[in-house]
Structure formats: structure tokens, C-alpha cells
Amino acid sequence: MSDQELLEKIAIKDEQAFRLFVEKYHVLVLNVCNNILNNYDDSMDISQEVFIKIYESVDKFRGESKISTWLYRIAVNKSLNHLRSKKRQKWFSSLDTIFGDESKKTDIKNPDLNIGEQIELDENKIALQQAIAKLPEKQKTAITLNSFEELPYKEISEIMGISVTEVGVLINRAKKNLQKLILDYYKNN
Amino acid sequence: MNCKEFKNRIPDYLDQKLTIDLTNQFNEHLKNCSDCSLLFEKMNNTLLLLNKPDRISEQPYYFTQLKQKMENRIHPNESFFQVLLTKKIIQPVLYLGSIIIAVYIGILIGSGTPNTTQYAEKTKTDTSYIEVLAQYQYFNEMELESIEKNLIKEDSFNNNQEK
Ligand SMILES: [Zn+2]
């Protein structure tokens, strides 16, 4: 069954088609989320949100772009949104510590220290993950799609809705910043 | 080139932006300083990881978990109203109610104490309270009587059944 046929069946809420679709694409979506979130549990959670979104809005997909582009875009957006809400949580939790409410503190994990369970705790990886976590959103998205997903600039530009030139600029900046951040990491550790 | 200078030049070195002279100085320090060469090696190895990311492999129960999650969301309104009802309405009403009752009891106790002294003073002269008391007793007897009647009724009913 082709992707287009699968999507047509998902549109009429065919569960078997949805299952096939999820089985085919969950590794891709899961990894895109994990590149940005750098946390296995969060990536499982957010990648499932991606598929729920697809199940609910499959009729909005017009086939102008590749299905993978559409999936990448939703996965990136959901992951960035999650990071933003986590930042807000972190901000409130820092308020809580200032005002002495320690009860909520345990719920909020430090994103800098969040490493997927299956990822080996190797110093180089931690250094890279912490550095990527500190990049601005757009640089982070561009560099992870380019380096980890090995996507060409053209597809990244479609996913992010920016020009190919802008993608190039973002990736160069990201690489420069990573060098500095990784250097800082080793200087301090 | 000292250690601090060396570290600051690493990014430019990696970008091949150093002059030939500085590149030579950089390489010289790299050869002779074990701390800096270790740092440089770690940095290079870390940057190389960009090209070989860790991949999460296929998850056997992914769809089952996803389906469970979707099913849990089928009745979001119901749970929302339940939360609204218990947390936002019933709980405060109960709290408010118990506060009102507590305050009311407090007022009763507060206003009750002077009354009893008044009452005690009254007993010395006034005997009208006896009539009130008698009324209450009568009332209680009525109640007792009605219960007794019921008991009797039940007995007779049982007796009738036995016959
Ligand atoms: Zn040195």
C-alpha cells in the first residue's frame, strides 16, 4: 500500500492503515524528536502527539510536499513547543525555589542533564548534547536535521519554511557556536 | 603560544582561519602540551559525533501505547467536568459549609453561656420553665409512644403471620 493510499484510509479512520503508517514512520519521528529533546521519555511522548495530530488532521495534507517533510515539520514544531513549555516550567520552578516552594521542584528535570536511557553516558556525547541544547531554536533545528537526519538543505528549507540560503547560514552559525560551546564545556569540566 | 591563547585559537584553527605562522605555533603547542592536546582531542571527537548520531531503534509496543493514549483522550470533557465538579465546586462548597457550621456553633456556644446564667437566675423566682419542661417531656413521651406503638404493630404483624 502506498503512502497516499494509507493517508486516504487514515482520513476515514481506518485503524489498520493508521497502524501501518505508525509502524513505518515512528522511528523517523521518534529520532527527530529526540535530536531536539535529547530525552527518550519526552521523545516517546511528543512523537505520539505527532501521530495523533496526523490522525486528526490527515485531510489537511495536500500532497504538495513529501510525507516525510510534513512529518518532520510537525515533529520539529511539537518538539520546540515542548522545549518552550519546559523552559517556562523551569522558570516557574526557579520562582518556587526563590519563594521556598520545593514541592514542584522534583517534577521538572534539568534539560541539560536529560539523556535518553539507551544513550551511552559518554563524556563526548554529553558535551555535544549540552552544546546543542544551548543553541538557538532555528540553529538547533537546522543542524540536527542536517547532521543527524542527513537531510539536504533543500528539504530543510521546506521543513522550516525558509530559503536554502538561510538554511546554510543557520548551519554555519550552529557549527561555530557548537565549537565554542564544546570548548567551554571542556574548559569548565 | 601559551595554553590560554591555544584554547582561544581552537575554533579558528578548526575553520582553517589561522595564518601560517599561528598555525605553526598552534601545532607546536599541541605537540608539547599534554593538557591542551587532550582538550583538542576531546573537542575533535565530540565534533565528529555530529556525523554519527545515536539512533533510537524500532519500538515494538509503540502503536499499542499510542492507541492507549488516544483512547484515554476520548472522554476528555467528562474528566474535565468531573475535575470541575469535585475540585472547583463540591470541595469549596463543603469547606464553606463546614466553616459556616463551625461559626454558627461558635455563636451558639458564645451566646449560650450568658443565657444559662440568666436561666439559673430565673429558677430562683420564676417557675414558668417547669411548664416548658413538662411540654418537652410530653413531646418526648409522644415520641417514645409512637415508637412503642410501632413495635407493637410489628409484633402483632408477626403474630398474625405466625397464625
Ligand atoms: Zn597547553
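Residues numbered from 1 in each chain as written. Chains lettered and ligands numbered in written order. Predicted model: local features only at pLDDT ≥ 70, side-chain atom pairs only at ≥ 80, totals over all residues. Heavy atoms only, no water.

A.B. asks: Honestly, the nonpolar core in this entry has me stumped. Any pointers?
C.D. replies: One recurring pattern in soluble globular proteins: nonpolar side chains tend to sit buried together. Residue and element names in this part refer to chain A. Within the largest apolar cluster, 74 residues are counted, with the highest numbers of intra-cluster contacts made by Phe18, Phe21 and Phe51. With 11 residues, the top contributor of residues to this core is helix 2 (residues 15–37). With sequence-adjacent residues up to four places away left out, Phe21 is seen in contact with Leu6, Leu7, Ile10, Phe51, Ile54, Ile67 and Leu71. (Core = buried A, V, L, I, M, F, W, Y, C linked by side-chain atoms within 4.5 Å. Buried < 20%, exposed > 50% of the residue type's maximum accessible area, 1.4 Å probe, protein only. Helix = DSSP H or I, 4+ residues; strand = E, 2+ residues; numbered from the N terminus. Contact = heavy atoms within 4.5 Å.)

A.B. asks: So what exactly am I meant to see when it comes to the interface of chain A and chain B here?
C.D. replies: Quite often, the size of an interface is put as the accessible area lost when its parts meet. Counting residues at the interface gives 39 residues for chain A, matched by 31 residues for chain B. Where chain A abuts chain B, roughly 3,600 Å² becomes buried across the two surfaces, and 63% of that area is made up of carbon and sulfur atoms. Along the contact surface separating chain A from chain B lie six salt bridges. Across the chain A-chain B interface, the total number found is 13 residue pairs in polar contact (both at pLDDT 80 or more). Put simply, the parts of the chain that give the side of chain A that touches chain B at least two residues each are helix 2, helix 3 (40–57), helix 5 (123–133), helix 6 (137–148) and helix 8 (164–188) of chain A. With 10 residues, the top contributor of residues to the side of chain A that touches chain B is helix 2 of chain A. A class-by-class count of the residues in the side of chain A that touches chain B yields 19 nonpolar, 10 polar and 10 charged. (Buried area = accessible area lost by both parts, 1.4 Å probe. Salt bridge = Lys/Arg side-chain N within 4 Å of Asp/Glu carboxyl O. Polar contact = N/O pair within 3.5 Å; in protein donor to acceptor, adjacent residues only side chain to side chain. Nonpolar A, V, L, I, M, F, W, Y, C, P; charged D, E, K, R; others polar.)

A.B. asks: When you look at the confidence of the model for chain B in this model, what are you seeing that I'm missing?
C.D. replies: Should the pLDDT be low somewhere, the predicted coordinates at that spot are not to be read in detail. Residue and element names in this part refer to chain B. Of the residues in chain B, 60% reach a pLDDT of 70 or more, and the chain-wide mean stands at 76. The weakest mean pLDDT in chain B belongs to helix 6 (residues 128–162) at 53; the strongest belongs to helix 2 (residues 20–32) at 95. Low pLDDT, under 50, characterises residues 154–163; the stretch is placed with zero contacts to residues that sit more than four places away or in other chains. The ipTM assigned to the predicted complex is 0.79, against a pTM of 0.66. (pLDDT = per-residue confidence, 0-100.)

A.B. asks: Just to check I follow, could you spell out the packing of helix 8 of chain A against helix 3 (residues 34–48) of chain B for this structure?
C.D. replies: For any two helices packed against each other, one specifies the crossing angle of their axes together with the interaxial distance. Contact geometry of helix 8 of chain A with helix 3 of chain B gives a least axis separation of 10 Å together with a crossing angle of 135°. Here helix 3 of chain B runs oblique to helix 8 of chain A, going by the angle between their axes. Seen from above, helix 8 of chain A lies across helix 3 of chain B with right-handed handedness. Seen from helix 8 of chain A, the contacting residues are Gln179, Ile182, Leu183, Tyr186 and Lys187 of chain A; seen from helix 3 of chain B, they are Leu39, Lys42, Met43, Thr46 and Leu47 of chain B. Partitioning the contact of helix 8 of chain A with helix 3 of chain B into residue classes produces six nonpolar, two polar and two charged. (Axes fitted to C-alpha atoms, helices over the stretch in contact; angles between N-to-C directions. Parallel < 35°, antiparallel > 145°, perpendicular 65-115°, else oblique. Left-handed = near helix turned anticlockwise from the far one by under 90°.)

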